[in-house]
Structures are given as C-alpha cells and as structure tokens.
Amino acid sequence: MIFVAFVHVDCTVHMWFQPFRVVSQRTAFAQVVVHAVRFDIGFVVNIQSVFVTKLVEPAVLRVMAQADGVQIVPFHQFEILAHQFFCHVMSGLRIVFVDIDTFELDRLSVEQQDGVWFAVAGDLVDLFDFDAIHQATRSDWEKELDVITVEGGTEAERTNFYTALYHSKIIPNIASDVNGQYRRHDMSVATIPAGRRQFSTFSTWDTFRAWHPMMTLLDTTLVNDMVQSLLDMYDASGELPLWPLSAGETGTMIGYHSTSIIADAYLKGIRGYDAEHALEAMKISAEKNKKGADYYIKEGFIPTNIKKESVSCLLEFAYDDWCIAQMAKALGHMDDYETFIKRSQNFINVFDGSTRFFRGKRQDGNWETPFDPFAIGRSYTEATAWQYRFFT
C-alpha cells in the first residue's frame, strides 16, 4: 500500500482519490508524497504557499477506520520528517487514500483539475532528482549571467561583479504557475496569456532608483511583464502596489514608485501594455497613498508633527509626480501634465534656505527643532537630512 498524503498546514487533509477503501486500525509503513499548502498571516495577510515533496524515508503511520473516512495519527518519526518540509503535523490528520499498488511510485505525478489535486501516472520523478535539478539550475543561471560580458580586471573583481549580477536577478519572483494560473490581489485566480509571466515581490522603494532602470537595459521582456503585473495588481486592488508580496500588499515603505517604474519603461520605448490605462492607474494611485498624500495635495507639505518620515515622503511624492507628468506629456495629456508638474514642485516647501537642507515642517509652518543634518530623525526614512539633500 502506498499512501499519497496532501497535507495542509492547518493539519486538515482532504483527499479526492477514487477508488478508496477503509481499513481497520493498524500500523503501516508509507512512502509519502506530500502536497502542502501553507497559510501565513505575517507580512501579508493570507499568503498561500504550495509545494510538493517526496519524503526521503518511509513514514510510520497508524491507520484507524472512521465512519466518514480514515483517521491518520502520525508517529513521532513522521512528525520529524514533516517538519523538515515546513509542514507542522499534529494528530488529527484526516485523509482518504487509494490503493495504487499497480502504479510505480517514481512515476507518480500531481496535476490540478478544477482546483482539486489528484495523483496520476507521470514524470514527477524528475522533480525529485537532485542532481538533475542542480545541473539544470546551474545551466539556467549561466544563461542569466551571460547577459553581460566583462573583460579585464582581476579574477576577484570579476567574481564580485557576477556575484552582484546574480544578486540582482534573485527577484522579482514568478507568481504564475506553469499553466499560467496565479492568485490576484483580490484572491481570485486568473490565467495570464501564453508567453507572459506574472511577477511579485517588488520592493519598489529599494529598487526604483537603480535596479529597475538597470533592467530596462538588460531585459526588456522582463520589464514588460513587470509593468503588466503592476497593472494587474491595480486592476484587482484599485491602487498600484507599494511593496507587493505573493497575492497581497505589505504597505511597506513610502512613495508610490510603481509610477516611476512604469514611466521609466514607457519613456525608454518599452511599451507592451496599455499606456492609457497605465497613466490612469498612476494618477489614481497618486491620490490614494495613506502616508501623507492628503496633506501633500492639500497643503503642499506633510506636517512632521502629524506624520513620521514627512520630508522623505514629500520628496519622493514630488519625484513620482514628476514621473507622472512626463508620462502624461508623452501621451499628449497636457492638463494632467500641468497638474502633476505643479505638484512636483512641492519639494520647495520643505527646503530651508538658511541651512540649505530639506527639513521637517510643523503644521503651524515652523521648522522642526532641534535640527541635526547628521541625525536620523522622525522626518526621514532610514536616512539623514544629508542623504535626502541630494534626492531632488
């Protein structure tokens, strides 16, 4: 008897195999293929992580008949094996199983049909061949790193360069499956057109300055797919993302830098998406930011006694508005251009001519005191006045 277990992190397991039969209470040794769905509620609410793995050793299970199925009580050995694959297993697993003695275990595959996973004959063995996967991964990375050829320098310098290039290609993550399906920010499931990839894990505050512009030089196909992914997130949530992760928004960091990323791509001729729709998404998102956009639009500055990181937020909003203005101008929307180019000048409102730094301003119009340009204060985001002195 081979048990194929599909384990959810909440310890509830449902099987849809047919035919199945209930056995009496006994102890069994089972070679187990685990399909796990992990639900996290940390950085993003309701992240669903799915994986399939084959345990390297047989698991010891106790099988007990029940009126509505079979109760599996795992022994300690199975708990240890499961923990190795990030699947927290406790007693009380519910499972329906199938006698598949006629199948070869190494030919087991897992497919999805109408949201239900089931086992069929296939080639899953390749997914568990470590050496084959290792070689294929090395080959894929060689192709990725071959986009830039370096001549000269020392071996150590070339190693440093290609290590940095490797780091630059770790993200974003492909969020669509091999069949094109992916989970949107409204938790619905959609399918991308053939030839496209859905991406996530955009820490835009960290990447809009240098990483995204670099990708416009190295991989325009990637840039097009990323812009399409950002717009899909807008369609599902009503706002361009700040720091999306999986099928959710973390709300981390400041600015609305998806606008900068899209404008940079469009103005460099990377335009495999609906530009008018993109501009609309940029304009709407610029009105919604919860980290001070309301004060920024109404007052022309963000009061430092009301909002933390007020100077950083304002300067980055102003830059993003400048990007929206350039996109609008390129598309011939001059009214939008005038609106956003005017807003982009708000940086003047927090420039202190006496110190020649951008400073926090209180709601009453006075500068925040005391002021130390070398200090990391509440008016700046992970920086000092000196560092933001060069932002605009």
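Above this text you will find the structure in question.
Novice: When you look at the overall build of the protein in this model, what are you seeing that I'm missing?
Specialist: Helix and strand content of the protein: twelve helices and 17 strands. Of all 392 residues assigned to the protein, the portion counted as buried reaches 44%. Accessible surface for the protein amounts to roughly 20,400 Å². Of this, 53% is attributable to carbon and sulfur atoms.

Novice: Hey, could you run me through the environment of Pro244 in this one?
Specialist: Of note, Pro244 is situated in strand E14 (residues 244-245). Sequence separation between Pro244 and Phe199 is 45 residues; the distance between their C-alpha atoms is 9.6 Å. What Pro244 contacts, discounting residues up to four positions off in sequence, is His185, Ser200, Thr201, Phe202, Met233 and Glu249.

Novice: Can you help me understand the packing of aromatic side chains in this one?
Specialist: Aromatic ring pairs: the centre-centre distance and the angle between the two ring planes describe each pair. On inspection of all chains with the given rule, the structure shows 15 aromatic pairs. Here the guanidinium or amino end of Arg209 rests over the ring plane of Trp205, the centre of that ring lying 5.0 Å away. Taking NZ or CZ as reference, Lys361 lies 5.0 Å from the ring centre of Trp367, over its face.

Novice: I would appreciate a short explanation of helix H7 (residues 258-267) in the present structure.
Specialist: Counting along an α-helix, one turn takes 3.6 residues, and residues three or four places apart therefore face a common direction. Of all ten residues that make up H7, nine are buried, and the element is covered over most of its length. What H7 keeps buried is the set Ser258, Thr259, Ser260, Ile261, Ile262, Ala263, Asp264, Ala265 and Tyr266. Residues of H7 that are buried in the fold lie against helix H4 (204-207), helix H5 (211-218), helix H6 (220-237), helix H8 (275-288) and helix H10 (310-330). Downstream of H7 by one or two residues, Gly269 has phi in the positive range, about 85°.

Novice: Quick question: what am I supposed to make of the packing of H5 against H6 here?
Specialist: Two quantities define a packed helix pair, namely the angle between the helix axes and the distance between the axes. Viewed as axis vectors pointing N to C, H5 and H6 meet at an angle of 130°, and their least axial separation amounts to 6 Å. With respect to each other, H5 and H6 are oriented oblique. Seen from H5, the contacting residues are Trp211, His212, Met215, Thr216 and Leu218; seen from H6, they are Thr220, Leu222, Val223 and Met226. Taken together, the residues of the contact of H5 with H6 break down into six nonpolar, three polar and no charged.

Novice: Teacher, can you tell me more about the environment of Ser312 here?
Specialist: Relative to the elements of secondary structure, Ser312 occurs in helix H10. A residue is classified by how much of its surface remains accessible, and Ser312, at 0% relative accessible area, is buried. As a C-alpha pair, Ser312 and Thr384 span 72 residues in sequence and 9.6 Å in three-dimensional space. Beyond its immediate chain neighbours, meaning those up to four positions away, Ser312 contacts Ile254, Ser379, Tyr380, Thr381 and Tyr388.

Novice: Looking at this structure, I do not really get the environment of Gln326. What am I missing?
Specialist: Counting through the fold element by element, Gln326 comes out in helix H10. Each C-alpha atom, one on Gln326 and one on Ser260, is 10.0 Å from the other, the two residues being 66 residues apart in sequence. Among all residues touching Gln326, those that are not within four sequence positions of it are Leu267, Tyr337 and Ile341.

Novice: Hey, could you run me through the side chain of Lys169 in this one?
Specialist: Relative to the assigned elements, Lys169 resides in the loop between helix H3 (155-168) and strand E10 (173-174). In this structure the side chain of Lys169 is engaged in a polar contact, spanning 3.1 Å, whose partner is the side chain of Glu144. For Lys169, the residues in contact, after removing those within four places along its chain, are Trp141, Glu144 and Val147.

Novice: Explain the layout of surface pockets here, please?
Specialist: To find leftover empty space, a probe the size of one water molecule is rolled over the atoms. Here the second largest pocket is characterised by a volume of approximately 350 Å³. The wall of the second largest pocket is formed by 16 residues, among which Glu144, Lys169, Pro172, Ile174 and Arg197 lie closest to the centre. Going through the elements one at a time, helix H2 (130-145) and H5 are the ones with two or more residues in the lining of the second largest pocket. Residue contributions to the lining of the second largest pocket peak at four residues, all from H2. Considered class by class, the residues forming the lining of the second largest pocket number nine nonpolar, two polar and five charged.

Rules used throughout
- Residues numbered from 1 in each chain as written.
- Predicted model: local features only at pLDDT ≥ 70, side-chain atom pairs only at ≥ 80, totals over all residues.
- Heavy atoms only, no water.
- Helix = DSSP H or I, 4+ residues; strand = E, 2+ residues; numbered from the N terminus.
- Buried < 20%, exposed > 50% of the residue type's maximum accessible area, 1.4 Å probe, protein only.
- Areas by Shrake-Rupley, 256 points an atom, 1.4 Å probe, with all protein chains shown as cover.
- Contact = heavy atoms within 4.5 Å.
- Phe/Tyr/Trp six-rings, centres within 6.5 Å; stacked < 30°, edge-to-face > 60°.
- Lys NZ or Arg CZ within 6 Å of the ring centre and 35° of its normal.
- Axes fitted to C-alpha atoms, helices over the stretch in contact; angles between N-to-C directions.
- Parallel < 35°, antiparallel > 145°, perpendicular 65-115°, else oblique.
- Nonpolar A, V, L, I, M, F, W, Y, C, P; charged D, E, K, R; others polar.
- Polar contact = N/O pair within 3.5 Å; in protein donor to acceptor, adjacent residues only side chain to side chain.
- 1 Å grid on protein atoms, 1.4 Å probe; cavity = no way out; pocket = protein on both sides within 12 Å on 5 of 7 lines; lining within 4 Å.
- Points joined across faces, edges and corners; volume = space filled by probe spheres on them.

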